Amino acid sequence: MTVIEEGQIQIHTENIFPIIKKAVYSDHEIFLRELVSNSVDAINKRRMAAMAGDCSEGEKGSINIKIDKEKNTLTISDNGIGMTSDEVKKYINQVAFSSAEEFLEKYKQSEEGMIGHFGLGFYSSFIVSKNVELITKSATPEAESVKWTCDGSPKFSLERTSKEDIGTDVILHLMDEELEYIEPTRIKTLIKKYCDFMAVEVRLDGEIVNQMNPLWRRNSNELEDKDYIELYKYLYPFQGDPLLWIHLNTDYPYNLQGILYFPKTTGRADWEQGEIKLYCNQVYVSDSIKEVVPRYLLPLRGVIDSTDIPLNVSRSALQTDRRVRSIGNFVAKKIASKLNEIKKNEPEFYAEIWDSVAPFIKIGAMEDEKFADQVENLIIFKSSGSREDSENLIKTTTDAFTTVEAYLNRLKDQNNKRILYCTDEIAQSNALNLWKEQGAEVLMTETVVDSQFIPWLETRNQEVKFQRVDSELDDELRDSSPEITDKDGESKSQAINDLIKDALNNEKITIQVQALKGNNSVPAMILLPEQMRRINDIGALMEQRLPGLPEHHVLLVNRNHPLVKGLVKLKSASIILQSEDQSPNDELTKEIANHLYDMARLSVGGLDPKEIAVFQSRNAELMGKLISKAI
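Calculation criteria
Residues numbered from 1 in each chain as written. Predicted model: local features only at pLDDT ≥ 70, side-chain atom pairs only at ≥ 80, totals over all residues. Heavy atoms only, no water. Core = buried A, V, L, I, M, F, W, Y, C linked by side-chain atoms within 4.5 Å. Buried < 20%, exposed > 50% of the residue type's maximum accessible area, 1.4 Å probe, protein only. Contact = heavy atoms within 4.5 Å. Pairing = 2+ DSSP bridges. Helix = DSSP H or I, 4+ residues; strand = E, 2+ residues; numbered from the N terminus. Axes fitted to C-alpha atoms, helices over the stretch in contact; angles between N-to-C directions. Phe/Tyr/Trp six-rings, centres within 6.5 Å; stacked < 30°, edge-to-face > 60°. Lys NZ or Arg CZ within 6 Å of the ring centre and 35° of its normal. Salt bridge = Lys/Arg side-chain N within 4 Å of Asp/Glu carboxyl O.

## Things to note about the nonpolar core
Now for step 1: Counting residues in each nonpolar core, the largest one holds 78 residues, and the members touching the most others are Phe262, Ile304, Val331, Ile335, Ile361, Leu473 and Met525.
Now for step 2: The residues contacting Ile361, other than those within four sequence positions of it, are Leu339, Tyr350, Trp354, Phe371, Val375, Leu378 and Ile379.
Now for step 3: Listed in part, the 58 residues of the second largest apolar core include Phe31, Ile76, Tyr181 and Leu231.

And the structure:
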C-alpha cells in the first residue's frame, strides 16, 4: 500500500478524545447509533447522487455489522457513497470543521450533557476503541480506495488500499474493558434500541435485526387499528392496549411525524421524565423529552420523530428554543383537536375514557392558557343526575356525565350559580344522600387534582362557585316546622345543643342542631366550611399527606333522628327520676353523645387507627350497657 499522507488531525489541543469520551458521549453504547447513522446518511447521499447522474446507484442500501471475537473487532460496513482521500481529510481530520477552541466552548462547559452529536458521530468510535480503521471507496467514477487509521491520539495515517466494493468499513479494535460489544446479544439489543426503525436494513453477521418502515412515516389512511395497537405493544410490552392514539404529520413550519398514545390508567404516571420516545430521522435519541413537549403530556407514550429539533445543543438551550416550544405547542394542539373530535362524534366512548384522559386535560389547562382554551369544552364530570330523565347528559351504560355549562343550564335558580360536588361518595355519603333526596344534582370529583382544579375553574368563571356537599346545608334540606318550647322557653334544639356541648367539652367544635328532611337516616354529620376545608387540603398537599379532619369543624345534629330523640328522653328521665346531682343516666347520656360524634368522625375518615380501636371497644361496652338497661 502507498502512503498518501501522515500528519496530525487539525485540532489545537491533544485533549479532544478525552473530551469526546467524557463530556459528549458519557454513555459508551451511543457509538453504535452514531456510526450506523453515518452509514444511513452515506446510503442516502449515494441514492441522491445517483439520481443526479453523478455516480452509479448500486445495490439496495444496507448496513452490515460483523463481530470477530478472535481479533476483538467490531466492523460496521455500508454500501453508501464512500469518500475520496480528499473527503477523508476534510470530513475526518478536521473534526467536523470545529477547531478545538470552538469545540470546547460549544460542548465542554455544559454540565447537563448532550442529547446527540451526529456531526461528531465518527469520533464516538474512540469511546470504546484503542484503534480505529476506516477503509472507504468513493462512488465517484475511477476513485481510489483509501485507508485511514488512528490510535486515539491526534496522529493519523492515510494510505491507498484495495477495496473492491463502493462504500465504507469502520473497524473498531475494542479496548479490553469494552469487550461487551463483541457479544452478539449486546449488539442486537443496541440495534433494536437505536436503529430499529431506520429505513435501511441493518444486518448482524448476515441476519436482519431491525424493523424498518416505521408506522409514523406512513399515511394514516393506509393503517388500521391493529397496526397502531401492534406498534404500541412492540414499544411497550405487557402494557395492554392503548386507549386511543393520535397520528402526527406536518412538514411546515418544521418537519415532524409521530404517533402518540393515551395509556389506560394504571395508577402510575411519570410527570417528570416521560415515556415518549424521541427520534431524529428515524434514529432513536432519547425517552427523556421534557424539553420538547409540555410537562402535562409527559405520561403519554409513543414516538415523536423530527429532524428539526436541534440535537447538538444542551437541554437548557432546548428549553429556550422557539422552534422546540412551537413543536410542543403543535403536539398539544393536535391532542386537543383529537379529543374534541372524539367528544363530538363518540360522546359515550369519550365519557368511558374520561378517567384516563382527565389528568392530562386538567393539569394541562392549569399550566397552559392556550391549551386551556382548546380543551375548555372537553371538561366533564360524573353526575348524580338520572341517565333517563336529565337533559344534555353524556350517558354511558352505567353513568351520566355533564359539562359545567350544561349543569348550570339545568339549575332552577339561575341567579345562584352554585355547583354541588362530592370528592368521596363513601366518606361524604350522608350529606350526598341528603342533597340527592331533595333532587339536587351533584358532580363527582376526585381529591388530588381537583383540590387545585376546582379553584382554578372558579377563577375562569368568577360567577360560578363550587360547594362540596358536606360544607354546609341549605334551607331546602332543613325541616322548617316551628319548634315547641318548654315552660322555661327553651327549645328542643337548644337542649340538644347544651347536652352535646357539655358531653364533648371541646370549644373547637361548633354544634348545630337542625331538623333535616328526608328519611332521617343521619343522626349527625361533620360539616367543613368550604374555604376552611380548601386551606386544609392545600396544606395536606404541600406536606404530601392525606387531608385530615381540621380541629375546628361543625357537628350538625339531626334532632329528627330517633337516636337523638332517644338521647333527649334519656337525659330528661335522668333529671326527673333521680334526686341526686349525678345519676347513672347522666354518664350514659354523655357516652352516647360522644359515640354520636365519633360515628360522624368515622364517616369522614376523622378517626386514626388507634381511635378506631378505642371506638370499637367503647361501642361494644356501650351496647352492653344499653342491653342490660333494657332487660
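## Regarding the sheet that holds strand S14 (residues 301–305)
Strand pairing in a sheet relies on backbone hydrogen bonds, with the paired strands running either antiparallel or parallel.
Now for step 1: The mixed open sheet is built from five strands, whose spatial order is S10-S11-S14-S12-S13. Each edge of the sheet is formed by a strand with only one pairing partner; in this case those strands are strand S10 (244–250) and strand S13 (283–286). Between one strand and the next, the sheet's axes are offset by a mean angle of 20 degrees, whatever the strand orientation.
Now for step 2: When strand S11 (residues 256–262) meets S14, the two strands line up antiparallel, connected through five bridges. The partner of Gly258 across the bridge, within S14, is Ile304.
Now for step 3: Strands S10, S11, strand S12 (275–280) and S14 of the sheet are contacted by helix H6 (residues 225–235), whose axis makes an angle of about 80 degrees with S11.

## So, the sheet that holds strand S15 (residues 381–383)
Now for step 1: Strand order across the open sheet formed by six strands is S16-S17-S15-S19-S18-S20, with mixed pairing between neighbours. With one partner strand each, in any of the chains shown, strand S16 (394–395) and strand S20 (465–468) form the two edges of the open sheet.

## Remarks on the packing of aromatic side chains
Now for step 1: For the structure on display, the rule yields 19 aromatic pairs.
Now for step 2: Centroid distance Phe197 to Tyr279: 5.9 Å. Interplanar angle 75 degrees. Geometry classified as edge-to-face. Within this pair, whereas Phe197 is found in the loop between helix H5 (184–194) and strand S8 (201–204), its partner Tyr279 is found in strand S12, the two being separated by 82 residues in sequence.
Now for step 3: Take Phe197: its relative accessible area is 4%, and that puts it in the buried class.
Now for step 4: The class for Tyr279 is buried, based on a relative accessible area of 3%.
Now for step 5: Summarising the aromatic geometry, the rings of Trp216 and Tyr279 are spaced 5.3 Å apart at their centres and angled 50 degrees between planes, so their arrangement reads as tilted. With Trp216 in the loop between strand S9 (207–208) and H6 and Tyr279 in strand S12, this pair connects stretches of sequence that are 63 residues apart.
Now for step 6: Relative accessible area serves as the criterion here: at 0%, Trp216 is assigned to the buried category.
Now for step 7: Taken together, Tyr194, Phe197, Trp216, Tyr234, Tyr279 and Tyr284 form an aromatic cluster joined through their ring pairs.
Now for step 8: The ring of Tyr236 carries Arg301 above its face, with NZ or CZ at 5.6 Å from the centroid.

## A few points about the pairing of S10
Now for step 1: Burial analysis of S10 places six of its seven residues in the buried class, the great majority of the element.
Now for step 2: Examined bridge by bridge, S10 and S11 share seven bridges and lie antiparallel to one another. Bridge assignment links Asn249 to a residue of S11, and that residue is Gln257.
Now for step 3: Linkage of S10 to S11, two consecutive antiparallel strands, is achieved through a turn of five residues.

## Some thoughts on the environment of Glu587
Now for step 1: In this fold, Glu587 is placed in helix H18 (residues 584–603).
Now for step 2: The spacing of Glu587 and Lys571 is 16 residues in sequence and 9.7 Å in space, taken between C-alpha atoms.

## Remarks on the pattern of salt bridges
Pairing between side chains of opposite charge can happen when their charged atoms approach one another.
Now for step 1: Scanning the model with the defined rule gives 34 salt bridges in all.
Now for step 2: Note that Lys147 is salt-bridged to Glu133, the shortest N-O span being 3.0 Å. You can see Lys147 sitting in strand S5 (residues 146–150) and its partner Glu133 sitting in strand S4 (residues 129–137), a full 14 residues away along the chain.
Now for step 3: The salt bridge partner of Asp598 is Arg601, with a shortest N-O separation of 3.3 Å. One end of the pair is Asp598 and the other is Arg601, both in helix H18 and three residues apart, which spans about a single turn. Here the two residues Asp598 and Arg601 agree in accessibility, since each one is buried.
Now for step 4: Bridged by salt links that share partners, the residues Glu29, Glu180, Arg186 and Lys193 form one connected network.

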